[in-house]
Amino acid sequence: MEPILELRDVSLSYHTLAGETPVLSHISFSLLPGEFLAIVGPSGCGKSTLLNLIAGLLAPEAGSILMEGKPVHTGDPRVGYMLQKDHLLEWRSVYRNVLLGLEVRRMKTPENLARVEEMLKAYGLDKFRDARPSQLSGGMRQRAALIRTLALRPALLLLDEPFSALDYQTRLTVIDDIGKILRNAHKPAILVTHDISEAISMADRVLVLSSRPAVVKKIIPIELEIEDRTPLSSRNAPNFKTYFHQIWKELNPNA
């Protein structure tokens, strides 16, 4: 099976008048179709910067990033990006918010509009189509942001800590919902998170970055001993704690 995404020896530094700050050093990994990869690492190591490179918002100083065999570029329509904030516009209804990307890219075809309607129903937002974002719970806002992203039919979904603003109970529910949605859609995704449990519960593999300048310390395949795996049920797997301690030790070698 050919990878949908390949990073080959990617490096990046920030340049200011004060000098050069290396951020990422010789990063290499690939992502298969339908695979879910979680990226963890120390705070400030460059996890979000790595997503920005994959999205084409930044260009690597060295190395290459290929998606479906072709270089990524600025505004690459093959990439969907969910940020830490949902960025829903208060002056637009939920329905008009989820259509925003389609409007900007002039993709409001009958087929795409019908798909949006299906997702609104499937994700429990059809009754709130005329509501304003402020009338939604945090979890519902994240579902609306996900519909807005998936409406563009991206080949790859990037998730930059999209659940971090939610309270713990809501976070578990939304993670479970979105995890199921992505797996049912066989949508490849990359999640950046500080939460080790979140990474294990959602991912097929967990990539551990070192401190800055970040290198790939380890890529850990997640094979949980549980049937009909979901993000929520994954936490009950007998070997869940084993993976947690393994990743914790990679992140805290001196602890």
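Refer to the structure presented above.
Everything numeric here is computed off the predicted structure, so don't read it as measured data.

J.: So what about helix α5 (residues 138-150)? Which residues, and what values?
T.: With 13 residues, α5 extends 19 Å between its outermost C-alpha atoms, agreeing within 8% with the 18 Å of an ideal straight helix rising 1.5 Å per residue. Of all 13 residues in α5, 11 are buried, a share of seventy percent or more. Residues of α5 that are buried include every one of Gly 139, Met 140, Gln 142, Arg 143, Ala 144, Ala 145, Leu 146, Ile 147, Arg 148, Thr 149 and Leu 150, and no others. The inward-facing, buried residues of α5 abut β6 (79-82), α2 (94-98), α3 (100-104), α4 (110-122), β7 (156-160) and α6 (168-184).

J.: An account of the side chain of Gln 142 is needed here, citing residue identities and associated values.
T.: Note on placement: Gln 142 falls in helix α5. Residue class for Gln 142 comes out buried when judged on its relative accessible area of 4%. Ignoring any residue separated from it by four or fewer positions in sequence, one finds Gln 142 in contact with Met 82, Asp 86, Pro 162, Leu 166 and Val 174.

J.: If you had to explain the nonpolar core to someone new, which residues and values would you point to?
T.: Ranked by internal contacts, the top residues of the largest apolar core, which has 51 residues, are Val 206 and Ile 247. For this core, the element with the highest residue contribution is α5, accounting for 6 residues. Residues in contact with Ile 247, not counting those within four places in the same chain, are Val 40, Ile 196, Ile 200, Val 206, Val 208 and Ile 220. In this structure, Ile 54, Ala 55, Ala 155 and Leu 156 belong to the second largest nonpolar core, which totals 31 residues.

J.: Hey, could you go over the sheet that holds strand β3 (residues 36-40) for me, with residue numbers and the actual values?
T.: With respect to topology, 6 strands assemble into an open sheet ordered β6-β7-β8-β3-β9-β10, the strand pairing being mixed. Unpaired on one side and paired on the other, β6 and β10 (216-221) mark the two borders of the sheet. In this sheet, adjacent strand axes meet at a mean angle of 15° when their direction is disregarded. With 4 bridges connecting them, β3 and strand β8 (residues 189-192) associate as parallel partners. Within the sheet, the bridge partner assigned to Leu 37 lies in β8 and is Ile 190.

J.: Lay out the sheet that holds strand β2 (residues 19-31) in plain terms, naming residues and giving numbers.
T.: Spatial ordering of the open sheet is given by β2-β1-β4-β5, a layout of 4 strands whose pairing is antiparallel. Two strands bound the open sheet, and with one partner strand each, they are β2 and β5 (70-71).

J.: Describe the environment of Pro 238, naming the residues involved and giving the relevant values.
T.: Position of Pro 238 relative to the elements: it lies in the loop between α8 (231-234) and α9 (240-251). Residue Pro 238 is classed as exposed on the basis of its relative accessible area of 62%. Once the C-alpha coordinates of Pro 238 and Leu 224 are considered, the two residues, 14 residues apart in sequence, prove to be 7.7 Å apart.

J.: So what about the side chain of Lys 47? Which residues, and what values?
T.: For Lys 47, the location among the structural elements is in helix α1 (residues 47-54). This buried residue, Lys 47, is left without a salt bridge; Glu 161 holds the nearest opposite charge, at 5.9 Å. Here Gly 41 takes part through its backbone oxygen, which lies 3.1 Å from a polar atom of the side chain of Lys 47. At 3.1 Å, the side chain of Lys 47 and the backbone oxygen of Pro 42 are in polar contact. Not counting the four nearest positions on each side in its chain, Lys 47 is found in contact with Ile 39, Val 40, Gly 41, Pro 42, Val 192, Thr 193, His 194 and Leu 209.

J.: Describe in detail a nonpolar patch on the surface, supporting the description with residues and values.
T.: On the surface, Tyr 14, Leu 57 and Leu 58 cluster together into a nonpolar patch covering about 260 Å² of accessible area. Note on Leu 57: relative accessible area 52%, which makes it exposed.

J.: How would you summarise the pairing of strand β1 (residues 5-16) if you had to cite specific residues and measurements?
T.: One ladder, built from 9 bridges, connects β1 with β2; its direction is antiparallel. Bridge pairing in β2 links Tyr 14 to Thr 21. Where β1 folds back onto β2 in an antiparallel hairpin, the turn is made up of 2 residues. One ladder, built from 5 bridges, connects β1 with strand β4 (residues 62-67); its direction is antiparallel. Along β4, the bridge assignment pairs Leu 5 with Met 67.

Analysis parameters
Residues numbered from 1 in each chain as written. Predicted model: local features only at pLDDT ≥ 70, side-chain atom pairs only at ≥ 80, totals over all residues. Heavy atoms only, no water. Helix = DSSP H or I, 4+ residues; strand = E, 2+ residues; numbered from the N terminus. Expected span 1.5 Å × (residues − 1). Buried < 20%, exposed > 50% of the residue type's maximum accessible area, 1.4 Å probe, protein only. Contact = heavy atoms within 4.5 Å. Core = buried A, V, L, I, M, F, W, Y, C linked by side-chain atoms within 4.5 Å. Pairing = 2+ DSSP bridges. Axes fitted to C-alpha atoms, helices over the stretch in contact; angles between N-to-C directions. Lys, Arg positive; Asp, Glu negative; His and termini not counted. Salt bridge = Lys/Arg side-chain N within 4 Å of Asp/Glu carboxyl O. Polar contact = N/O pair within 3.5 Å; in protein donor to acceptor, adjacent residues only side chain to side chain. Patch = residues over 30% accessible without salt bridge, like charges linked within 9 Å, V, L, I, M, F, W, Y side chains within 5 Å. Areas by Shrake-Rupley, 256 points an atom, 1.4 Å probe, with all protein chains shown as cover.

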